[in-house]
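So you can see what is in the structure, the chains are spelled out below.
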Amino acid sequence: MSPSVWPAPPAGACGLPASLDVEVGILGAGIHGAALARELTLRDISCALVDKGDIGGGTSQWSSQLLHGGIRYLLTGDVRQMREGLAERAVWARIAPRRCRWDAFWMPHRSRLEGMAHRVGIGLYDRWGADRPGWPPELALGGVPADAFAADPRTPQGPFRGATAYADLLTWDRDLTKDLAASSEALRLDFHEPESFEEGAGGLVAVHVRDRRDGTLRWLAARQWVFALGPWTDDALRGWFGDTDRRLRLSSGIHLWFDPIPGCVHPWAIRRPKGRILFVIPRDGRLQVGTTEREVEDGWVPVIDAEREELFGALETALPAIPWRTLPVRDEESGVRPLVVARGATTHLSREALLERHPRLANLTLVLGGKLTTARLLMDRLATALTGRPCAASTTAPLRLWDGQSPEIR
């Protein structure tokens, strides 16, 4: 997709009046914006959710589709962030069971010493993440039996001598984002593009948004504003308010989707150099592999040949028994992670988020960085800060399903 082109809006009209007034205006309907809309609704606070595209239609639909504590944080020593993620993983399993599925991930090892290190580290990961609502009892954790490992078609000719299984949670990220929005009473202004802003008394008063479906111009006023724009934050603030600060660095990762390979049942998480993890995950009747990483300048980026080649090379090195280059690629996607500005390689940057008050507009909060797993927790904290109202129901109230499907777990 061209960096300058957003998805075309659907046919039909919005139906909202030309003048709107709420307590909190939210620009950006990704995982953070949608989660905040739910948090505000739980607190009986009116809000509007504005996005240039569809709900969950940007970077929130191209994540790794995992709700996890971050097994790689064992390598970086960021135990606090890992344990926070593990606690949130359990919350998601409770409030969104329809959008989550537990699985036992295999992390293969190349030597007995590496296998011992995996068992210790992964043992701590699973111990700290022992709260696993709905865990299927047939899934085994810990050392993978030698015969089961040898029977996996990814094992022959490869460098690995065994594997350790750990627990993590698969999700469907775009559905999850839409469910969060559906669990709110927010005025929904999807496919609306901001055109101008009204300021007054050191704050942001209102925004004029144009409906991309039929060109209707609407006026939205709010007492508090939150911009949860993901990787588009810096460009938007530069264009709207002339901000020159660089708040984010953008890191792109890719996923390729293949037909299922018989015998590939469990997800594999393979340690790579520079703290990277190569995932090979059977899901939804296909095989998902990814991800590589490169620093980019925009929220819309295509998959480039060098990324594709690097990923194929990693697959051939780690799993040579599979003829990867002969398999048809059924789909490919490139997701952009907004990382808070810091020096060094993006592979070593934290996925933590920051909440920043705009230096000139006192009633504007910026959501910077962050990840899928901890989005609810961060927006719970923000909603409490904005309203002064903690809300215990945030961790227990089940999400509504946006598509009206059966609430049974798939």
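All values derive from a computational prediction rather than experimental measurement.

## Quick word on helix H6 (residues 173-182)
Then, number 1: Along H6, 8 of the 10 residues are buried, which leaves the element largely enclosed by surrounding structure.
Then, number 2: All buried positions along H6 are accounted for by Asp 173, Asp 175, Leu 176, Thr 177, Lys 178, Asp 179, Leu 180 and Ala 181.

## Here we look at the pairing of strand E11 (residues 248-258)
Then, number 1: Here E11 lies mainly inside the structure; 11 of its 11 residues are buried.
Then, number 2: The side-chain alternation of E11 yields two buried faces, one formed by Leu 248, Leu 250, Ser 252, Ile 254, Leu 256 and Phe 258 and the other by Arg 249, Ser 251, Gly 253, His 255 and Trp 257.
Then, number 3: Direction of pairing for E11 relative to strand E16 (residues 329-340): antiparallel, over a ladder of 11 bridges. Within E16, the residue paired with His 255 across the bridge is Glu 333.
Then, number 4: As judged from the 4 bridges shared by E11 and strand E14 (residues 286-290), these two strands associate in the antiparallel manner. Bridged to His 255 within E14 is Gly 290.

## Looking at the pairing of strand E4 (residues 100-109)
Then, number 1: Summarising burial for E4: 9 of the 10 residues are buried, a large majority.
Then, number 2: As defined by bridge partners, E4 adjoins strand E6 (residues 162-171) across 10 bridges and the pair is classed as antiparallel. The residue of E6 that forms the bridge with Asp 103 is Asp 168.

## Details of the side chain of Asp 243
Then, number 1: Tracing the backbone through its elements, the reader meets Asp 243 in the loop between helix H7 (233-241) and E11.
Then, number 2: Since its relative accessible area comes to 10%, Asp 243 is described here as buried.

## Remarks on the nonpolar core
Then, number 1: Counting residues in hydrophobic clusters, the biggest one holds 67 residues, and the most contacted among them are Trp 92, Val 280, Leu 319 and Trp 324.
Then, number 2: Excluding anything up to four places from it in sequence, Leu 319 contacts Arg 154, Phe 160, Trp 268, Ile 270, Val 280 and Trp 324.

## Observations concerning the packing of aromatic side chains
Then, number 1: Tallied over the entire structure, the rule returns 16 aromatic pairs.
Then, number 2: With a centroid separation of 6.3 Å and 10° between ring planes, the pair formed by Phe 227 and Phe 241 is classed as stacked. With Phe 227 in strand E10 (residues 217-227) and Phe 241 in helix H7, this pair connects stretches of sequence that are 14 residues apart. For the pair formed by Phe 227 and Phe 241, the shared burial category is buried.
Then, number 3: Here the aromatic rings of Phe 258 and Phe 312 are separated by 6.2 Å at their centres, their planes lie at 75°, and the arrangement is edge-to-face. One end of the pair, Phe 258, is in strand E11; the other, Phe 312, is in helix H8 (residues 305-318), and 54 residues separate them in sequence. You'll find Phe 258 and Phe 312 in the same group, each marked buried.
Then, number 4: Grouping aromatic residues by their ring pairs yields a cluster made of Phe 105, Tyr 125, Tyr 166 and Phe 279.
Then, number 5: Against the face of Trp 402 rests Lys 178, its NZ or CZ located 4.9 Å from the ring centre.

## Points about the packing of helix H1 (residues 31-42) against H6
Then, number 1: Remark: H1 packs on H6, axes separated minimally by 7 Å, with the N-to-C direction vectors making an angle of 30°. Taken together, the axes of H1 and H6 are roughly parallel relative to one another. Crossing of H1 against H6: the hand is left-handed. Contacts between H1 and H6 involve Ile 31, Ala 34, Ala 35 and Arg 38 on the former and, on the latter, Leu 176, Thr 177, Leu 180 and Ala 181.
Then, number 2: Classifying every residue of the contact of H1 with H6 gives 6 nonpolar, 1 polar and 1 charged.

## Examining the pattern of salt bridges
Should their charged atoms come close, side chains of opposite charge can pair.
Then, number 1: Summed over all chains, the structure comprises 38 salt bridges.
Then, number 2: Among the ionic pairs, Arg 43 bridges to Asp 380, the shortest N-O distance being 2.6 Å. Pair noted here: Arg 43 is in the loop between H1 and strand E2 (47-51) and Asp 380 is in helix H9 (residues 375-387), with a separation of 337 residues, a long-range link.
Then, number 3: Residue Asp 380 is classed as buried on the basis of its relative accessible area of 12%.

Rules used throughout
- Residues numbered from 1 in each chain as written.
- Predicted model: local features only at pLDDT ≥ 70, side-chain atom pairs only at ≥ 80, totals over all residues.
- Heavy atoms only, no water.
- Buried < 20%, exposed > 50% of the residue type's maximum accessible area, 1.4 Å probe, protein only.
- Helix = DSSP H or I, 4+ residues; strand = E, 2+ residues; numbered from the N terminus.
- Pairing = 2+ DSSP bridges.
- Core = buried A, V, L, I, M, F, W, Y, C linked by side-chain atoms within 4.5 Å.
- Contact = heavy atoms within 4.5 Å.
- Phe/Tyr/Trp six-rings, centres within 6.5 Å; stacked < 30°, edge-to-face > 60°.
- Lys NZ or Arg CZ within 6 Å of the ring centre and 35° of its normal.
- Axes fitted to C-alpha atoms, helices over the stretch in contact; angles between N-to-C directions.
- Parallel < 35°, antiparallel > 145°, perpendicular 65-115°, else oblique.
- Left-handed = near helix turned anticlockwise from the far one by under 90°.
- Nonpolar A, V, L, I, M, F, W, Y, C, P; charged D, E, K, R; others polar.
- Salt bridge = Lys/Arg side-chain N within 4 Å of Asp/Glu carboxyl O.

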